[in-house]
Amino acid sequence: MTPAAVPTARTAGLIGCTRCGRVFAPGTELCTRCGAPLSSRDPRALQRVWAWWFAGLVVYIPANIYPMLITRTLTYSGEGTILGGVVELLGHGDYFVAFVIFFASILIPVGKFMAIAFLALSIRNHRFLDEHAQHRLHAVVEFIGRWSMIDVFVVAILASLVRFDAVATINPGIAAISFALSVAFTMLSAQSFDPRAIWDE
């Protein structure tokens, strides 16, 4: 059976629950298994995807320009951006930590932006990926979204541990807030995407 011939709840005249997967006859408003509201398709879902996507992109730019970490000691005061921190870690020989920060704070967010945009643009065109591959891509985007907050977690831990006001302090910069907002917005964008639309003709 080819992917184009795979039957869906919609082609069978049914409504599928997006939370538990159970199908119901048209006109049913709530899932009797999990209580989730039922709808065949949300016509505004794609608009919400792009709205959250653009919001995430807007706040991701200052997250890479402004300082993520502000460090003050008796003899030193400095600010570090995400990329600047990666370069500094490489200079100190901490290649593994530098790779983790670069991967989680730059590669994953950029990859998420590209993947969500690709899914939204190709929802009616399966030229590059078939339906199964697009569905798996959406599942991957939702799974890795929670791991994009490593930078914010590190900053929060350092800021709470290093509080020797007379000697040294570490405070989160404006980029930490921007980065956290960007992660939240892209997660909302991915969750707003209706994967059932991938299978629509």
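Residues numbered from 1 in each chain as written. Predicted model: local features only at pLDDT ≥ 70, side-chain atom pairs only at ≥ 80, totals over all residues. Heavy atoms only, no water.

A. Region of the structure containing the packing of aromatic side chains. Applying the stated criterion to the full structure yields eight aromatic pairs. Measuring from centroid to centroid gives 5.9 Å for Trp50 and Phe54, while their planes differ by 35°, and the two rings are tilted. Here Trp50 and its partner Phe54 are both found in helix H1 (residues 45-65), four residues apart, which amounts to about one turn of the helix. Ring centres 5.0 Å apart and planes at 90° place the aromatic pair Trp53 and Phe54 in the edge-to-face group. Assessed through its relative accessible area of 12%, Trp53 is described here as buried. What makes Phe54 partly exposed here is its relative accessible area of 46%. Chaining the aromatic ring pairs together yields one cluster made of Trp50, Trp53, Phe54, Tyr60, Phe113 and Phe179. (Phe/Tyr/Trp six-rings, centres within 6.5 Å; stacked < 30°, edge-to-face > 60°. Helix = DSSP H or I, 4+ residues; strand = E, 2+ residues; numbered from the N terminus. Buried < 20%, exposed > 50% of the residue type's maximum accessible area, 1.4 Å probe, protein only.)

B. Molecular detail of the UniProt feature "transmembrane region" (unreviewed entry) in the chain. Feature annotation in UniProt assigns "transmembrane region" (unreviewed entry) to the following positions: residues 49-69, 95-123, 144-164 and 170-188. In this annotation, residues 95-123 is assigned 93% helix and 0% strand; the end-to-end C-alpha distance for the span is 39 Å. For residues 170-188, helix accounts for 79% and strand for 16%, while the C-alpha atoms at its two ends are 30 Å apart. (UniProt positions renumbered as here; feature names shortened; annotations may be inferred.)

C. Structural context of helix H2 (residues 82-91). In this structure Thr81 caps H2, since a side-chain oxygen of it lies 3.1 Å from the backbone nitrogen of Gly84. Once H2 finishes, Gly93 follows within two positions and takes phi at roughly 85°, a positive value. (Polar contact = N/O pair within 3.5 Å; in protein donor to acceptor, adjacent residues only side chain to side chain.)

D. Focus on the packing of H1 against helix H3 (residues 95-121). Put simply, H1 and H3 touch, their axes get as near as 11 Å, and they point 155° apart. Comparing the axis directions of H1 and H3 gives the class roughly antiparallel. You can see that H1 and H3 cross each other, and the crossing is left-handed. Where H1 abuts H3, its residues Leu46, Val49, Trp50, Trp53, Gly56, Leu57, Tyr60 and Asn64 lie against Ser105, Ile106, Pro109, Val110, Phe113, Ile116, Ala117, Ala120 and Leu121. (Axes fitted to C-alpha atoms, helices over the stretch in contact; angles between N-to-C directions. Parallel < 35°, antiparallel > 145°, perpendicular 65-115°, else oblique. Left-handed = near helix turned anticlockwise from the far one by under 90°. Contact = heavy atoms within 4.5 Å.)

E. Fine view of the nonpolar core. Counting residues in each nonpolar core, the largest one holds 23 residues, and the members touching the most others are Met68, Ile116, Phe179 and Phe193. Non-local contacts of Phe193, meaning those with residues more than four positions away in its chain, are made with Val49, Leu119, Ala120, Ile123, His138 and Ile198. In this structure, Ile15, Cys17, Phe24 and Ala36 belong to the second largest nonpolar core, which totals six residues. (Core = buried A, V, L, I, M, F, W, Y, C linked by side-chain atoms within 4.5 Å.)

F. Main features of the state of the cysteines. According to the stated counting rule, one finds zero disulfides in the structure shown. This cysteine, Cys31, is not joined by any disulfide, and Cys20 carries the nearest cysteine sulfur, 3.5 Å off. (Disulfide = S-S within 2.5 Å.)

G. Region of the structure containing the packing of H1 against helix H6 (residues 174-192). Running from N to C, H1 and H6 point in directions that differ by 165°, and their axes come no closer than 8 Å. Relative to H6, H1 is oriented roughly antiparallel. In this structure, H1 crosses over H6, and the sense of that crossing is left-handed. Here Ala45, Arg48, Val49, Trp52, Trp53, Ala55, Gly56, Val59, Tyr60, Pro62 and Ala63 of H1 come into contact with H6, specifically with Ala175, Ser178, Phe179, Leu181, Ser182, Phe185, Leu188, Ser189 and Ser192. Per-class residue counts for the contact of H1 with H6 are 14 nonpolar, five polar and one charged. (Nonpolar A, V, L, I, M, F, W, Y, C, P; charged D, E, K, R; others polar.)

H. The arrangement of the environment of Ile106 in detail. Of note, Ile106 is situated in helix H3. Classification of Ile106 by relative accessible area gives buried; the value is 15%. In this structure, the C-alpha to C-alpha distance between Ile106 and Asn64, residues 42 residues apart in sequence, is 8.8 Å. If near-sequence neighbours (up to four positions away) are discounted, Ile106 is found in contact with Tyr60, Asn64, Ile82, Leu83 and Ile101.

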